[in-house]
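Close look at the chain arrangement
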Amino acid sequence: MTKYVAAIDQGTTSTRCILFDHEGRVAAVAQKEHEQIYPKPGWVEHDPLEIWRNTQEVVSQATATVNGPSSIVCIGITNQRETTVVWERATGRPVYNAIVWQDTRTDGICDELARQGGQDRLRAQTGLPLATYFSGPKIQWILENVPGARQKAEAGELLFGNMDTWLIWNLTGAHVTDVTNASRTLLMNLHTLDWDEQILSLLGIPRAMLPKICSSSEVYGTARGSLGGVPVAGDLGDQQAALFGQTCYNPGEAKNTYGTGCFMLLNTGNQPVPSTSGLLTTLGYKIGDQPAVYALEGSIAITGALVQWLRDNLGLISKSAEVEALARTVEDNGGIYFVPAFSGLFAPYWRSDARGVIVGMTRYVNKGHLARAALEATAYQTREVLDAMEKDSGVKLTALKVDGGMVFNELLMQFQADLLGVPVIRPKVAETTALGAAYAAGLAVGFWKDYDELRANWGKDKEWTPQMDLARREQLYAGWKKAVTRTFDWID
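In this report, the structure presented in the accompanying data block is examined. Nothing here was measured: the structure is a model prediction, and the numbers come from that model. Residue numbers run consecutively from 1 along every chain, following the written order of its sequence. Given that the model is predicted, a residue must reach a pLDDT of at least 70 before its local features are reported, and side-chain atom pairs must reach 80 or more before they are shown or counted; all residues, however, enter totals for whole chains, interfaces and linings. The side-chain figures draw on all heavy atoms in the structure; neither hydrogens nor water molecules are used.

Quick look at the sheet that holds strand β2 (residues 14-20) now. Being paired, for any two strands, means DSSP has found at least two bridges between them. Only DSSP runs of H or I with at least four residues qualify as helices, and only runs of E with at least two residues qualify as strands; both kinds are numbered from the N terminus onward. Pairing within the open sheet is mixed, and its six strands lie in the order β3-β2-β1-β5-β14-β13. What marks the edges here is a single partner per strand, and that holds for β3 (26-33) and β13 (217-222). In this sheet, adjacent strand axes meet at a mean angle of 25 degrees when their direction is disregarded. In this description, contact between two residues means that some pair of their heavy atoms is separated by no more than 4.5 Å. Helix axes are fitted only over the stretch in contact, all axes being lines through C-alpha atoms; the angle between N-to-C directions runs from 0 to 180 degrees. This element, helix α9 (residues 238-245), spans β5 (72-79) and β14 (231-237) of the sheet and lies at about 100 degrees to β14. Of the strands in this sheet, β1 (4-10), β2, β5, β13 and β14 touch helix α14 (residues 432-445), which is tilted by about 135 degrees from β14.

Relative to the helices and strands, D21 resides in the loop between β2 and β3. According to the relative accessible area criterion, D21 is buried, its value standing at 11%. Residues D21 and A124 lie 103 residues apart in sequence; the distance between their C-alpha atoms is 41 Å. For the purposes of these results, a polar contact is taken to be a pair of N or O atoms within 3.5 Å, where, inside protein, one atom must be able to donate a hydrogen and its partner to accept one; residues adjacent in sequence count only when each atom of the pair is a side-chain atom. Within the structure, the side chain of D21 is placed 3.0 Å from the backbone nitrogen of E23, a separation counted as a polar contact. At 2.9 Å, the side chain of D21 and the backbone nitrogen of R25 are in polar contact. For every residue, the accessible area obtained with a 1.4 Å probe (protein chains only) is divided by the maximum for its type, and the residue is called buried under 20%, exposed over 50%, and partly exposed between those limits.

Another point: the environment of E144. If you trace the backbone, E144 turns up in helix α4 (residues 135-145). It is 30 Å that separates the C-alpha atoms of E144 and P348, two residues lying 204 residues apart in sequence. Residues within four places of E144 in sequence aside, it is in contact with I109 and R150. At 2.9 Å, the side chain of E144 and the side chain of Q140 are in polar contact.

Any two cysteine sulfur atoms lying within 2.5 Å of each other are counted as a disulfide. On inspection of all chains with the given rule, the structure shows zero disulfides. Here C262 is not cross-linked by a disulfide; its sulfur's nearest cysteine counterpart is in C248, at 14 Å.

A separate point is helix α16 (residues 470-485). A helix is expected to span 1.5 Å multiplied by its residue count minus one. In this model, α16 (16 residues) spans 23 Å end to end at C-alpha, consistent with the 22 Å of a helix rising 1.5 Å per residue. Listing the buried residues of α16 in full gives R473, L476, Y477, W480, A483 and V484. Around the axis of α16, the buried residues are gathered within 115 degrees of arc, so they sit on the same side. In this structure, α16 carries A471, Q475 and K482 as exposed residues pointing more than 90 degrees from its buried face. Among the structural elements, β19 (337-339), β20 (357-359), α12 (367-393) and α13 (410-420) are those in contact with the buried residues of α16. Capping of α16 at its N-terminal end is provided by D469; its side-chain oxygen lies 3.2 Å from the backbone amide nitrogen of A471. Working definition: the arc comes from the directions between the helix axis and the C-beta atoms, pointing outward to the latter.

Moving on, we get to the packing of aromatic side chains. To pair, rings of Phe, Tyr and Trp, with the six-membered ring standing in for Trp, must have centres within 6.5 Å; the planes then decide the type, stacked if under 30 degrees apart, edge-to-face if over 60, and tilted in the middle. Scanning the entire structure with this criterion turns up 26 aromatic pairs. Taking 6.0 Å as the distance between ring centres and 70 degrees as the angle between the ring planes, the aromatic pair formed by W101 and F263 counts as edge-to-face. Here W101 is found in the loop between β7 (98-99) and α2 (107-115), whereas its partner F263 is found in strand β16 (residues 262-269), with 162 residues between them in sequence. For W101, a relative accessible area of 4% gives the class buried. Centroid distance Y439 to W448: 4.9 Å. Interplanar angle 85 degrees. Geometry classified as edge-to-face. Judged by relative accessible area, Y439 falls into the buried class, the value being 1%. Aromatic ring contacts, followed pair by pair, group W101, Y133, F134, F263, F346 and W350 into a single cluster. Think of it as a cone above the ring: NZ of Lys or CZ of Arg counts as a charge over the ring if it is within 6 Å of the ring centre and within 35 degrees of the ring normal. The ring centre of F263 lies 5.3 Å from the NZ or CZ of R81, which sits over that ring. Just above the ring of W43 sits the side chain of R105; from NZ or CZ to the centre is 3.8 Å.

Here it is as structure tokens:
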């Protein structure tokens, strides 16, 4: 009987279960979207119980297409990072909806912390700036705003987790996370790989709420229910999982994932590299007892989500995949730039007060130009991150490995190569986020023996090479940089 590793990929808009064989090929996929909840401007929530129900459903659907649970050797988890759940230890009931990574309600908390010591006051310990993006301020908000939550937390009755912890707890009963997810809370010390007591005290978060920090590849427990007895053995935040799935195991290797947001990670080896250019210093992965591997990350909040906005809010397209055809109805962006600062701007600016703008509008502009400018926004933001990454690391990128849903947009990929001036390479298996989680789990149980076996599975599907001349590239980029400044002065 053929054996498979099951990867649960719990994302911002949907939950998937993907089964991989030993060669890293996709054997089955099941997916289900969940509701996006917007209670107020800048607030974004999910229902954790809906996500858990969807997880059970997609796992059942995927395993039913093979020989059932008996063919599954282990389970890996990958997840939308920073999205925060607090639930009752005794009942498993969330005390509030999950607060999503895009949510900006904690800007007051972050501003107050920054007033006392600057936006980078915790960067030496955590590698992160103070920003609404991370889990710690979200936990503090829940404790301060949900009636009875603080008292219950201090009595040891509440548990916190990012989505990985929530799923593993429901699957196995174990309250754990891995170093990559812990590094996105603003609560973990990069050097000790443990919760930082001073920061917990500063934010007023009881340590008893927090999960045990483990490696990214070990057996955390065995699943209950339909997957009874199958070990849950891999856990990586989604962007680190993509780095691992793209086999970026050597320092200097990088990948960019094009999803709801856009995230570029560069492997920096066994030592954290401080950023002076607005990047995040984060964990890349930790495999069992091996030393932790660190990464520099450039995080962009809105990329694929902008295409969804064109579809859902403006009705310019009926399906996200139609955006490329609409963008191809025009030769260029018509002189407009679309800066999608819907959740503020992440790297390299970290401005939660920024708001989205479209600049350069004339009566000539039509919906094709809007579609093209929306796609180009992803490439421009990626260029900004790459510039910062090269400045911090001293490493000049020679090619960029890409993955995620938007990499099948040929127009975007060619424009990305043109704007970066380096080849852009799409792998044969584009599901690298789920694949990374599967690899981590499979290594823990011996399904794969080492990195060489994983590298042997990687293959190139398509490569785009730069075709734009340098002068045009820099002219367009200068226009983008000017447009970004307009996001900061939208209100007095």
